[in-house]
Amino acid sequence: MKKIILSAALTGGHDVSPRYPAALNYPITPAQIAADAIAVARRGAAIVHIHARDPQTGKQTRSIPIYREICDRIRDSGVDVIINLTCGHAAYFLPDPADESRAAPGSDVGSVDERVAHIEACRPEICTLDVTTANQVDGGVDFVYLNTPRTLRAMAERFRAAGVKPELEVFQAGDVLLARHLYEQGVLAGPPLFQFVLGVKWGAPATPQSMIYMRDLLPPEAVWAGFGIAALQMPMVAQAALLGGNVRVGLEDNIYLRQGRFATNAQLVRRAAIILTSMGFELATPAEARMILGLPPR
């Protein structure tokens, strides 16, 4: 059966749950994030998706030195894995309740230069391009996740110049159509790589119906993956594989191994690998994943 690319999303940009046990060492520092990347690669993950965090505060950061340290630690380890850096930051618009044309304190909307600087400095093989503008909720706060077509085109052009392949994160059917439009316009090189983000509040639910519908909107040559949030992470692993896609797991999307038991990234990758191999699939090596994704060999 087909090779499945297993991706591990190690940290995310959200605040770490206060319930997560300190003894499990949620990856915060560059050393911890790199160590998790190496650990999951040894357990079958071909791609590691990374958000950098400030070692002092634990908050998401756009610091180029921190991103560079993470990438250098992974590369210097000698372990082969595809690095995928986020570009999802600096798109957080919190409207002022008194005048929604203005940004309220707490908003973080950056320029294209700010959003791509760490990509141009670190040159990962992949980076995310969030093809969505949507109402979302974080920590009980309503905000608009803001990515206009103009900004997406400009970021995609910078990625192409840097030799970095965008992973097109799509949260609902209209996002797939916009990403497909950008691809058909020549903004994105082929084969396009789509990632279905399912289960985010106000986005497409993590159901087989959502995944099938979004898959059927893709261009024929697209490579795609899909994942679910929280308790639906592992069911969506099986569903994506059955529908011809690739998969993603990790602490960014789910912090539990099962109800009441917290997980590590290595444990989530191992669980996904067991599910996939039990279904008769084989995990793609990083070298095989590069061939599938149209990336240059290492």
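Being a predicted model, the structure only gives us computed values, none of them experimental.

(A) Expanded view of the overall build of the protein. Counting its secondary structure elements, the protein contains 9 helices and 18 strands. For a compact globule of 298 residues, the expected C-alpha radius of gyration is about 19 Å, and the protein comes in at 18 Å, within 12% of that figure. On the principal axes, the C-alpha backbone points of the protein span a range of 55 × 45 × 35 Å. Every one of the 298 residues in the protein was classed for burial, and the buried ones make up 53%. For the protein, contacts bridging at least 24 residues in sequence account for 70% of all contacts bridging at least 6. Only carbon and sulfur atoms are counted for the fraction: they give 54% of the accessible area of the protein, which is about 12900 Å².

(B) Main features of the state of the cysteines. In the structure shown here, the tally under the stated rule is 0 disulfides. Not part of a disulfide, C127 finds its nearest cysteine sulfur in C87, a span of 4.5 Å. Taking relative accessible area as the criterion, C127 reaches 0% and is therefore assigned buried.

(C) The layout of surface pockets, seen in detail. There is about 430 Å³ of room inside the second largest pocket. Lining the second largest pocket we find 25 residues, and of these P124, E125, G163, V164 and L295 sit closest to its centre. Considering every element that reaches the lining of the second largest pocket, the biggest residue donor is helix α4 (residues 149–162), with 3 residues. When grouped by side-chain class, the residues that make up the lining of the second largest pocket number 14 nonpolar, 3 polar and 8 charged.

(D) Representation of empty space enclosed by the protein. Summed over the entire model, instances satisfying the criterion amount to 1 cavity of 30 Å³ or more. In this structure, the largest cavity spans a volume of roughly 60 Å³. Along the walls of the largest cavity sit I5, S7, I47, E167, L193, F194, Q195, A225, N246, V247 and L293, which together make up its complete lining. Every element with two or more residues in the lining of the largest cavity is listed here: β13 (193–198) and β15 (246–249). Sort the elements by how many residues they give to the lining of the largest cavity and β13 lands first, with 3 residues.

(E) A look at the packing of aromatic side chains. This model, assessed by the stated rule, comprises 6 aromatic pairs. Ring centres 5.0 Å apart and planes at 20° place the aromatic pair F196 and W224 in the stacked group. Pair noted here: F196 is in strand β13 and W224 is in strand β14 (residues 223–228), with a separation of 28 residues, a long-range link. Just as F196 is buried, W224 falls in that class too. Of the aromatic side chains, those joined through ring pairs into one cluster are Y20, Y26, Y256 and F262.

(F) Structural view of the nonpolar core. The biggest cluster of nonpolar side chains holds 78 residues, and the ones touching the most others in it are I50, L129, F194 and F196. With 6 residues, helix α1 (residues 30–42) is the largest single contributor of residues to this core. Non-local contacts of L129, meaning those with residues more than four positions away in its chain, are made with L152, M155, A156, F159, P166, E167, L168, E169 and L188.

(G) Molecular detail of the environment of V137. Looking at the element boundaries, V137 is found in strand β10 (residues 134–138). Remark: the alpha-carbon pair of V137 and V200, spanning 63 residues in sequence, is separated by 8.8 Å. Ignoring anything within four residues of it in the chain, the contact list for V137 reads D142, F143, K201 and W202.

(H) Seen up close, the sheet that holds strand β11 (residues 141–145). Here we have 4 strands laid out as an open sheet, ordered β8-β5-β11-β10, and antiparallel in their pairing. Every other strand in the sheet has two partners, leaving β8 (108–109) and β10 as the edge strands with one partner each. Here β10 runs beside β11; their pairing, made up of 5 bridges, is antiparallel. Directly across from A134, in β11, lies its bridge partner Y145.

(I) Just the pairing of strand β12 (residues 165–170), in detail. Burial analysis of β12 places 6 of its 6 residues in the buried class, the great majority of the element. Going residue by residue along β12, you find K165, E167 and E169 tucked away on one face and P166, L168 and V170 tucked away on the opposite face as well. In the sheet, strand β9 (residues 126–130) pairs with β12 via 5 bridges, with the strands oriented parallel. Paired with T128 across the bridge in β12 is E167. Note that the unit made of β12, helix α5 (residues 173–184) and β13 has a crossover that is right-handed.

(J) Seen up close, the pairing of strand β4 (residues 82–85). Burial along β4 is two-sided: the residues I82 and N84 and I83 and L85 are all buried. Here 4 bridges tie strand β3 (residues 47–50) to β4, and the two strands are oriented parallel to one another. The partner of I50 across the bridge, within β4, is L85. Crossover handedness for the path β3 to helix α2 (residues 64–76) to β4: right-handed. Here β4 pairs with β9 via 2 bridges, running parallel.

Quick notes on the rules
Residues numbered from 1 in each chain as written. Predicted model: local features only at pLDDT ≥ 70, side-chain atom pairs only at ≥ 80, totals over all residues. Heavy atoms only, no water. Helix = DSSP H or I, 4+ residues; strand = E, 2+ residues; numbered from the N terminus. Rg over C-alpha atoms; globule rule 2.2 N^0.38 Å. Buried < 20%, exposed > 50% of the residue type's maximum accessible area, 1.4 Å probe, protein only. Contact = heavy atoms within 4.5 Å. Areas by Shrake-Rupley, 256 points an atom, 1.4 Å probe, with all protein chains shown as cover. Disulfide = S-S within 2.5 Å. 1 Å grid on protein atoms, 1.4 Å probe; cavity = no way out; pocket = protein on both sides within 12 Å on 5 of 7 lines; lining within 4 Å. Points joined across faces, edges and corners; volume = space filled by probe spheres on them. Nonpolar A, V, L, I, M, F, W, Y, C, P; charged D, E, K, R; others polar. Phe/Tyr/Trp six-rings, centres within 6.5 Å; stacked < 30°, edge-to-face > 60°. Core = buried A, V, L, I, M, F, W, Y, C linked by side-chain atoms within 4.5 Å. Pairing = 2+ DSSP bridges. Right-handed = clockwise from strand over helix to strand, strands pointing away.

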